2 protein chains.
Amino acid sequence: MADYKELWTSLDIDLEKHDQLCAVLPEFYGEIYMQQENRPEAMNYYNFVVSEIHGYRVQELADMRKDGKKVVGTFCVYVPDEIIVAANAASVGLCAGSEFWHPDGEKVVPRNTCPLVKAAAGALVGNTCPYFKSCDMLVGETTCDAKKKLWETFAEYTPIHVMNLSSMKREQDYINWQGEIKLFKERMEELTGVEVTAEKLSESTKLLNDKRRALQRLYETRKVANPPISGKDALLVTQIAFYDDPARFTQMTNQLCDELEKRIENGEGVFEKKAPRILITGIPMAIPNWKLHHIIETSGGAVVAEETCTGVKYFQNLVDESASTLEDHYKILADRYLKTNCACFTPNTSRIDDIVRLYKEYAADGVVYYTLPFCTTYAAEFKAVKEALAKENIPVINIESDYGLEDAGQIKTRLEAFFEMIGNK
Amino acid sequence: MADYKELWTSLDIDLEKHDQLCAVLPEFYGEIYMQQENRPEAMNYYNFVVSEIHGYRVQELADMRKDGKKVVGTFCVYVPDEIIVAANAASVGLCAGSEFWHPDGEKVVPRNTCPLVKAAAGALVGNTCPYFKSCDMLVGETTCDAKKKLWETFAEYTPIHVMNLSSMKREQDYINWQGEIKLFKERMEELTGVEVTAEKLSESTKLLNDKRRALQRLYETRKVANPPISGKDALLVTQIAFYDDPARFTQMTNQLCDELEKRIENGEGVFEKKAPRILITGIPMAIPNWKLHHIIETSGGAVVAEETCTGVKYFQNLVDESASTLEDHYKILADRYLKTNCACFTPNTSRIDDIVRLYKEYAADGVVYYTLPFCTTYAAEFKAVKEALAKENIPVINIESDYGLEDAGQIKTRLEAFFEMIGNK
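Under an unreviewed UniProt entry, the name given to chain A is 2-hydroxyglutaryl-CoA dehydratase D-component, and the source organism is Peptoclostridium acidaminophilum DSM 3953. The record held by UniProt for chain A lists under Sequence similarities (unreviewed entry) the comment "Belongs to the FldB/FldC dehydratase alpha/beta subunit family."

In structure tokens form, the structure reads like this:
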């Protein structure tokens, strides 16, 4: 990585502590990613992005801000990036996937907080994540108890706007969500001084739909008999989608897809032929949380899709591009965003439909249900999911695990037994 | 207790398992309650209610149902009893305070669920609580992640209506809550066949305000230098308020207050003169969760008030009795119910104001912050409460504890040290 000390200093980063993080990531990434055989050439772009993870893009954001643009940090796929981009601002997904941030997080949130929220807390208050420090405003949402309370802590450190997501999906909840989107638009206008017009929203919708289409195309390649890309590479691409420049990301991902489609033509895959095909469902995986994919794919399995926020939930639904007025846009955005089926809703039976549908579409052999400790809603839904999948004769295993590697051996053993079971079906 | 086997059988109670519960409660109650010295005479009514806990009132509810009335079970102080009573139905608060129900609860909710929710789950699915089995409908609300998901489980067993409580308190949230109250009214009309008129709502408001006034009067007596009633007796009275017949409860509690006020005139208190006065803040305590009060009051402390749902949150705000139309009633009820400051809201700074105000009103010497394990929102608020109380020079100690008695000794030791500290202030 180039020397970004000056940049980081300008962002008020705790350099000494941050160096510890920078020191471990390359080796960690190398072990998990670079030892894969037969990787697509085009993954080099994403390797570069990771090698420059707190550098190149952070510099871009700093340059944007010098030009008067704003940067907004988000934590959830319910927050409409269309609004942010239409206000001429950049959106960066800020969830945090390393236990490195937990000691600092525990200074401001209870110990028994889910690793994702605790890491995000630590990343902000410990001054060790330049993305957090690049934001002119954060955007929270009321999706779960832990996040709901986290925003109160964050408000002590930085400007934050909270979108009030309903717990239900009735007609009035759709209307309320339109209202939240309108409020968010007004807040963005206030922050940026840029008027968010219907035309600008149409442009940002097109830009972000193109990104979604590229990801859809990528995931399409995972449906074939022997996918041309590993699950962990696909996960990395989606993770990077949350903070990369959207136009560049789309271009690079389409280049990757060109290569993958050629591989498919040539019958070139990355897995052993008999590898059990795994659909992961559950909580999002933020960089560098590659743990579950790595264990699965070094235990003989092939991850073919993720029913998660860092998977199909992020891009499977496009935004209708026909809106011509602001009111149209609010309605269309509300409809599209509330289509996503998160465990924060009650009831949330459509998530089960999604899992069953994806299992079939991706010709999966089994489902791994992934939760983080203290994630109440996803843990609670396991029972209903399991019962529904049993009716469809779909095997499922529940893996609850935090960011630590201590339980990796145990998870591996359980997964190997699961793969053997579904192999003998 | 009289023989209620027939009644329980008619309610489909698991008699054998239920007998185990009935076998332990009297001794448990005896140890905690009957060994107190100098108790008010009028506590005999509440002793009777507990001795008949799954009998007398359950029989009353059964008799009501025979007469065509409906019984509705609730779990939260945000659910407006006014609507239930105006529909000629009975409301019973159903939270569950014993670990007896946990093994059954763990069959349907994750192990790491808060003891209150887990106990409620077990009480229903294990068929060991005749109150649950007496209900024609349950009413849930979206106050926390664990309850939100519990309703989905409950829906498999019994009719349930869920009220969508917002996570915020802006103008639009008040309006939405009016809408939820209207929907609830319509659902109650459907259930009972009784039209809920403005007039009936005025009557039920009066009835329930009278109950609140009796509880306010009770709590008023705890403000004097040496309160005439113990904290645990006051807690018991409030706990019983949730499911007793409202008119009778009001009458009996006013009788208790007559006696307490005489005691005050005579300078008769139940505590040692130097007992540190404790304000408890935090999560609700459902019968038979008397653990914290018992430990405090057998360690030299005096509980003088509870900033909890089984304390002042339940009755401190009356409902304005001036409404004359249905729309008036919805608005007045929404305003009154949203005044309550639960940790499920973001932000919830008014709770801090409540704690500080109550601390002063009750001339408390210290605050005990009580949380149950896995209660994310109350655990998260501790930090802000502690910081705010420090500014006011108010000592606070955090006690997180489940329903088990294993940690009672450890809590006692910590509290004794806390009392010593605040005694030396």
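Picking up after the structure, the text goes on.
Okay, the relation of the copies chain A and chain B next. Expressed as a screw operation, the relation of chain A to chain B combines 0.0 Å of axial shift with a rotation of 180°, fitting to an RMSD of 0.0 Å. Classification of the inter-copy transformation places it as that of a two-fold axis. With an isologous cut-off of 70% or more, the 100% of interface residues of chain A that recur at the interface of chain B puts this contact in the isologous class.

The next point concerns the pattern of salt bridges. The full count for this structure, using the stated rule, is 70 salt bridges over all chains. For R170(A), the salt bridge goes to D173(A), with nearest N and O atoms at 2.8 Å. For K185(B), the salt bridge is made with E189(B), and the minimal N-O distance between the two is 3.2 Å. Here E189(B) and K185(B) lie together in helix α10 (residues 171-192), a separation of four residues that amounts to about one turn. By the burial criterion, K185(B) is buried, and E189(B) matches it. If you follow the salt bridges from partner to partner, you end up with K149(A), E152(A), E307(B), K313(B), R351(B) and E381(B) in one network.

This part covers the pairing of strand β6 (residues 302-307) of chain B. All names here are of chain B. Within β6, six of the six residues are buried, leaving the element largely enclosed by the surrounding structure. Pairing geometry for strand β5 (residues 277-282) and β6, over five bridges, is parallel. In the sheet register, I280 faces β6, and the bridge partner there is E306. Handedness of the crossover is the feature at issue here: the chain leaves β5, passes through helix α14 (residues 291-297), returns alongside β6, and the resulting connection is right-handed.

It is worth spelling out the packing of aromatic side chains at this point. Working definition: an aromatic ring pair is given by the centre-to-centre distance plus the angle between the planes. One pass over the structure, following the stated rule, counts 43 aromatic pairs over all chains. Relative to Y46(B), the ring of Y45(B) has its centre 5.2 Å away and its plane inclined at 75°; by these criteria the two rings are edge-to-face. Each of the two residues, Y45(B) as well as Y46(B), counts as buried. Through pairs of rings, three or more aromatic residues link up here, namely F28(A), Y29(A), Y33(A) and W290(A). In this structure, K223(A) packs its charged tip against the face of Y362(A), placed 5.1 Å from the ring centre. Residue placement shows R336(A) over the ring face of Y337(A); its charged tip is 4.5 Å from the ring centre.

Turning our eyes to something else, we now look at the sheet that holds strand β3 (residues 137-141) of chain A. Residues and elements named next belong to chain A. Spatial ordering of the open sheet is given by β2-β1-β3-β4, a layout of four strands whose pairing is parallel. The open sheet terminates on both sides in strands that have one partner only, identified here as β2 (90-93) and β4 (160-163). Within the sheet, the average angular offset between the axes of one strand and its neighbour, ignoring direction, is 25°. Two strands pair when backbone bridges link them, and strand β1 (residues 71-74) and β3 are joined in this way by three bridges, in the parallel orientation. The residue bridging V72 from the neighbouring strand is M137, located in β3. Along the sheet, helix α10 (residues 171-192) contacts β1, β3 and β4; its crossing angle with β4, the most-contacted strand, is approximately 165°.

With that settled, the discussion passes to the interface of chain A and chain B. One frequent convention defines the size of an interface as the accessible area lost when the parts assemble. Opposite the 39 residues of chain A that make contact, chain B presents 39 residues. Summing the contributions of chain A and of chain B, the shared interface buries around 2,900 Å²; its carbon and sulfur component is 50%. By the criterion of area lost to chain B, the three top residues of chain A are D145(A), K148(A) and K149(A), representing 20% of everything that side buries. At the junction of chain A and chain B, the tally comes to four salt bridges. With its nearest N and O atoms 2.7 Å apart, the salt bridge here joins E180(A) to R170(B).

All right, on to the state of the cysteines then. According to the stated counting rule, one finds zero disulfides over all chains in the structure shown. For the unlinked cysteine C22(A), the closest cysteine sulfur is that of C129(A), found at 10 Å. For C344(B), which is in no disulfide, the shortest distance to another cysteine sulfur is to C342(B) and amounts to 3.4 Å. A residue is classified by how much of its surface remains accessible, and C344(B), at 3% relative accessible area, is buried.

Calculation criteria
Every chain is numbered independently, its residues counted from 1 as its sequence is written. Chains and ligands are labelled by the order in which they are written, letters from A for the one and numbers from 1 for the other. The model is predicted, so local features are restricted to residues of pLDDT at least 70 and side-chain atom pairs to those at 80 or more, both for listing and for counting; the totals for chains, interfaces and linings are taken over all residues. For the side-chain quantities, the full set of heavy atoms in the structure was used; hydrogens and water were omitted. UniProt positions are given in the numbering used here, feature names are shortened, and annotations may be inferred rather than shown by experiment. To superpose the copies, least squares is applied to the C-alpha atoms of every residue with a pLDDT of at least 70 in both. Here, residues are in contact when the closest pair of their heavy atoms is within 4.5 Å. The rule for a salt bridge is simple: a side-chain nitrogen of Lys or Arg has to be within 4 Å of a carboxyl oxygen of Asp or Glu. Strands here mean DSSP runs of E at least two residues long; helices mean DSSP runs of H or I at least four residues long; both are numbered from the N terminus. Under the scheme applied here, a residue whose accessible area is under 20% of the maximum for its type counts as buried, over 50% as exposed, and between as partly exposed, the area being computed with a 1.4 Å probe on protein chains only. Criterion used throughout: strands pair if DSSP finds at least two bridges between them. If the strands point away from the viewer and the path from the first strand over the helix to the second runs clockwise, then the crossover is right-handed. Pairing of aromatic rings covers Phe, Tyr and the six-membered ring of Trp, with a centre-to-centre limit of 6.5 Å; geometry is then stacked below 30 degrees between planes, edge-to-face above 60, and tilted otherwise. Distance and angle both matter: a charge sits over a ring if NZ of Lys or CZ of Arg is within 6 Å of the ring centre and within 35 degrees of the ring normal. Note on definitions: angles span 0 to 180 degrees between N-to-C directions of axes, and those axes are lines fitted to C-alpha atoms, for helices only across the stretch in contact. Two parts placed together each lose some accessible area under a 1.4 Å probe, and adding up what both lose gives the buried area. Two cysteine sulfurs form what is called a disulfide whenever their separation falls within 2.5 Å.

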